[in-house]
Amino acid sequence: MRSTASQGQSTSGRERLPSGGSEFLALLARLLRRPRRGDRRLPLIWLVRSAGAPDVIALLRRALARGQRRRIPHVVLDLAEAPGLDIPGELREMHRQLSLEAFGGERLRFRHYPLADWLLHQPVAVPGEAGEDRRPALARQLRDRRGARPGGDPSGGDDLFATAYQLAFWLVRRAIPSAVFRIAVSGRVPLLGPHYRWFMRQQYLAPRQSVTFLGFAERLTAGWRDGEQPDQVNKLLVHAFLEDLRQGYRRRLWRPSSWRRTAYPVLLLGNVTSGDAGHTLIRLVNDVRNETGRNDPLLVVAAGAEPPPELPEPYALVDAEEAYDEWVDVLPETRRLRRPAAWLIALLLGDPSAGSEPRGGLLNFTPPAPPWWSRRLLPTALVLLLLVGAGLWVTSRWSPDCHPRPFGGTVSVELVGGECIGYSDTAGHVFNRDPGQDRLRAVQRRIFQQNADAEQVWQRSARRRPLVTLVYLGTLTGNRTRADEESYVSEREELEGMATAQYALLRESAGADGAALLRVVVANAGHQMRYAGRAVAMLEGLVRDDPTVLGVVGLVESRQSTANALRELNRIGLPALAPTLSADGLYQNSRLYLQISAPNRDQVALLDEYARQVLRVDGAHVYYTTGENSSLERDLYVGTLVEGLRQRFGDRLTRVEEFRTGQRMTQECGYEGILIFAGRWSEFDGFLRALKECGPNPPRHLVGDDSVNRYMANPVLRASAPGNLPVTYVSKAALATCASLRAARDRRDDVRGSFLSWVQADNLLDPPRCREEGPSVPVGERVSLAYDAAMMVVRAVESLAARLRHGSPREAWDPRAVNPAGVHTEVLRQNAEGGYPGVSGLITFAPDSGEPVAKRLSLLRVDRVTDVDTEAVEVFHCGSADDPADQRCRQP
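Just so it is clear, the structure is predicted and the values come from calculations on it, not from any experiment. (Residues numbered from 1 in each chain as written. Predicted model: local features only at pLDDT ≥ 70, side-chain atom pairs only at ≥ 80, totals over all residues. Heavy atoms only, no water.)

**Q** Give a description of the state of the cysteines that names residues and reports values.
**A** Scanning all chains against the criterion turns up four disulfides. One disulfide bridge connects Cys402 with Cys420, the sulfur atoms lying 2.1 Å from each other. Its S-S torsion of approximately 85° makes the covalent link between Cys402 and Cys420 right-handed. Residue Cys402 is found in the loop between α13 (377-397) and β9 (411-416), and its partner Cys420 is found in strand β10 (residues 419-424); the two are separated by 18 residues along the sequence. Here Cys420 falls in the buried class, since its relative accessible area comes to 10%. Two residues, Cys878 and Cys889, share a disulfide whose sulfurs are 2.0 Å apart. Between Cys878 and Cys889, the S-S torsion sits near 125°, and that sign places the bridge as right-handed. You can see Cys878 sitting in strand β24 (residues 873-878) and its partner Cys889 sitting in the segment after β24, a full eleven residues away along the chain. The class for Cys889 is partly exposed, based on a relative accessible area of 25%. Bonded cysteines in the chain are paired 1-2, 3-4, 5-6, 7-8 when counted in the order they occur along the chain. (Disulfide = S-S within 2.5 Å. Helix = DSSP H or I, 4+ residues; strand = E, 2+ residues; numbered from the N terminus. Buried < 20%, exposed > 50% of the residue type's maximum accessible area, 1.4 Å probe, protein only.)

What follows is the structure in structure tokens.
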């Protein structure tokens, strides 16, 4: 406690201290200062005034009231001014003074004492005309004690709105508060009604005899408490008052206000005489401390000329410190024995003529400053800091168009490297908000709508139809694109293939209990599959929670990150079906890997046979690219393709060079051999622009790999290519062009004929494909490849379901009856019987890998790249279409 002198104060006899006054003030300063750790026991100090002794209580009152910003909480009661004051009246006045915001610190809040005092003032029960019982009435008064109860229910008509309003009014103002109150007073819920529970656990008036708090409260009301001992009632009031002080001063880390209480409250009692209310209050405090064994933070200083009989021999005021130290030493023993004066220290006030004046005037008492971390500004600053930190974390993890939707279906997304990574099965989150990608967003919405349709059909079938969930994992964000350019053609086409498979299965007969339904979850792995590992980690939780998830379709690009994702998918036991991946040896990363397209070694063989049989040239030049921020080591597609060309062409390959944007290509003008572009589609536009310099003398035989197919599907990019340059490029699904599909339909090929009818439907793809009338929009080769991948899994599940439910085909389908690894095994079992008849060609897997054997590959040719309305024509192919015996490389 800091004690400072007030300058310029009066030095009249009224402010002259008796002998030992300075020592007494020093003791008070020490007792009122709250330690930083723990709390001290506070005595009850009785000042025995001799004739002519100064009014120390008045002096202390003025000293305690002189703080500038913060003052010690204190209560002053002069018993001479209120001779008729009783114990409840004293406590009520103490409560009033301590509850004021007059001390510059935290206002003390009381919960137990006001409730006990309120109960004492409730009238005795008088049965009303309706014979109302006292306890329900008391319960209502307790419930409504903190606010006025509404006088009546609202009225205002008998319409539906008025009825709903009256019901809501009754719930909010009557039913809910009543229910909460009954739970609180029951004492059975730990977090509700702790003050009610305290009354039932304290020791005065034997509360356990009342069983419930309402019964105990009834005993305290006027009339009912006549049979109780008044001393016990007063002790209950004192105990409740001290309990509120204990709780207010109880330090908790989560309650900084308790740490800001750096000084104990003090009660100053003046003109106390033996047997009056002040003496009785001191006795009650002493007894409550002895009987409960609990300390409290109240320091009591009383002054009176007539000492009570239990008061010990008083010490001289000059020996105040010694008296306190001796009291501390004997307190444990006197408290254990519950002596009437266990907490009392008696000090004798002498004649002020033998004393002195305080140096500089009367002393001020100022509470110590609270710890810096408990100040009011700090919680606000911490909250702001936490909010800023949380905001930074949220903005780094999510964005306005990339955030989880707890009630929006199966959605789990987060911001990684500026891209929205994760998965979604609902229109609540659609990937990619870039301009120009309307078709990509449209097919996602179509899939999500068909997800809802499949769920409805499944429910209507009493869950008898097998439900299959496949995850499409692709690169749906991160490409640099113009506002009028569609740069996610492959992803959009593969999603269209998945949507077509959904559509076909939804068209099955409602009574076909063995026909499966397909649900598609769309997942994004970021630019160049860069964050495929993170996406798979997020999918792991989905696989664990949803037993209908049986595989992943997509993966789009053969890169090292894709290989890593395959290893992760293998770890969690999820098959991966890749419609377009073709890098050699990808199956080594997963025992559950299945590849729909022919590997790169077959593509190399196709180019070699084309050069030999059709072009009849020996020389070859190869230019390759790996895309942005990549390399041959990380780009497995380009790396294995270039290596395969080196091995296959040998000495005939006279140039292998990496093409860089802006590079001149005049050395290729008029080249007679085969000029192979073995890179990524994203650089093919720059490659063609570089060949513009050749003018009327372009290279004679330009052939692109199958990645060029993505460029050829983009009419905006093709418009800027050289107009006189013919381009031949590899196609993995030439059997699914509009012309091929129509021809297959005419020869009654059910597989391709049905697929043609689906893609021509008005309510599936936008725009519909391969229409007979009007402009015919190409179907896109990846549509059929993704369709084959999805349907291959679905047919395997249907086969498993038929065997599992052979004895009871109409029982509900249990998704846990099959697992992803079992479905992969079933796909291979069916495939071993003769291959899978896909729209893109016969798919036969090698026995030791998931790569197809002799899968049909074709070369398509356009005479003018800029002619976007003319469909490319097949000029050469290798592999089987439907007959496994016909694997020849030849012209159509």
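**Q** Can you break down the confidence of the model for the chain residue by residue, with the values?
**A** The share of residues in the chain with pLDDT of 70 or more is 89%, and the mean pLDDT across the chain is 85. With pLDDT under 50 throughout, residues 2-14 is counted as low confidence; its partners more than four residues away or in other chains account for 25 contacts. (pLDDT = per-residue confidence, 0-100. Contact = heavy atoms within 4.5 Å.)

**Q** Kindly report on the packing of aromatic side chains, identifying the contributing residues and their values.
**A** All told, the structure shown has 18 aromatic pairs when counted by the stated rule. Residues Tyr623 and Phe687 carry aromatic rings whose centres are separated by 5.8 Å and whose planes lie at 50° to one another, so their mutual orientation is tilted. With Tyr623 in strand β16 (residues 620-624) and Phe687 in helix α20 (residues 684-690), this pair connects stretches of sequence that are 64 residues apart. Pair check on accessibility: Tyr623 and Phe687 agree, each one buried. Among the aromatic residues, those joined into a cluster by ring pairs are Tyr623, Phe659, Phe677, Phe684, Phe687 and Tyr711. Between the NZ or CZ atom of Arg261 and the centre of the ring of Tyr249, over which it lies, the distance is 5.7 Å. (Phe/Tyr/Trp six-rings, centres within 6.5 Å; stacked < 30°, edge-to-face > 60°. Lys NZ or Arg CZ within 6 Å of the ring centre and 35° of its normal.)

**Q** Could you give an account of the pairing of strand β7 (residues 344-349), naming the residues involved and the relevant values?
**A** With five of its six residues buried, β7 lies for the most part within the structure. Inspection of the sheet shows strand β2 (residues 44-49) paired to β7 by six bridges, in the parallel sense. Residue pairing in the sheet places Leu47 in a bridge with Leu347 of β7. Sheet topology note: the strand β6 (residues 315-316)/β7 ladder contains two bridges and is parallel. Within the sheet, the bridge partner assigned to Tyr315 lies in β7 and is Leu347. (Pairing = 2+ DSSP bridges.)

**Q** Describe a nonpolar patch on the surface, with residues and values.
**A** Side chains of Val383, Leu384 and Leu387 sit close together on the surface and give an oily, nonpolar patch of about 290 Å² of accessible area. Summarising the element assignment, Leu384 is placed in helix α13. (Patch = residues over 30% accessible without salt bridge, like charges linked within 9 Å, V, L, I, M, F, W, Y side chains within 5 Å. Areas by Shrake-Rupley, 256 points an atom, 1.4 Å probe, with all protein chains shown as cover. Salt bridge = Lys/Arg side-chain N within 4 Å of Asp/Glu carboxyl O.)

**Q** Please give an account of the pattern of salt bridges that cites residues and values.
**A** The tally for this structure, following the rule as stated, stands at 58 salt bridges. One salt bridge connects Arg771 with Asp762, and the closest N-O pair in it is separated by 1.9 Å. Several salt bridges converge on common partners, so that one network encompasses Glu491, Glu557, Arg559, Asp635, Arg680 and Arg710.

**Q** Residues and numbers for the environment of Pro83, please.
**A** Examined against the element boundaries, Pro83 turns out to sit in the loop between β3 (74-78) and α3 (87-98). A residue is classified by how much of its surface remains accessible, and Pro83, at 75% relative accessible area, is exposed. Pro83 sits 194 residues away from Ala277 along the chain, and the two C-alpha atoms are 8.5 Å apart.

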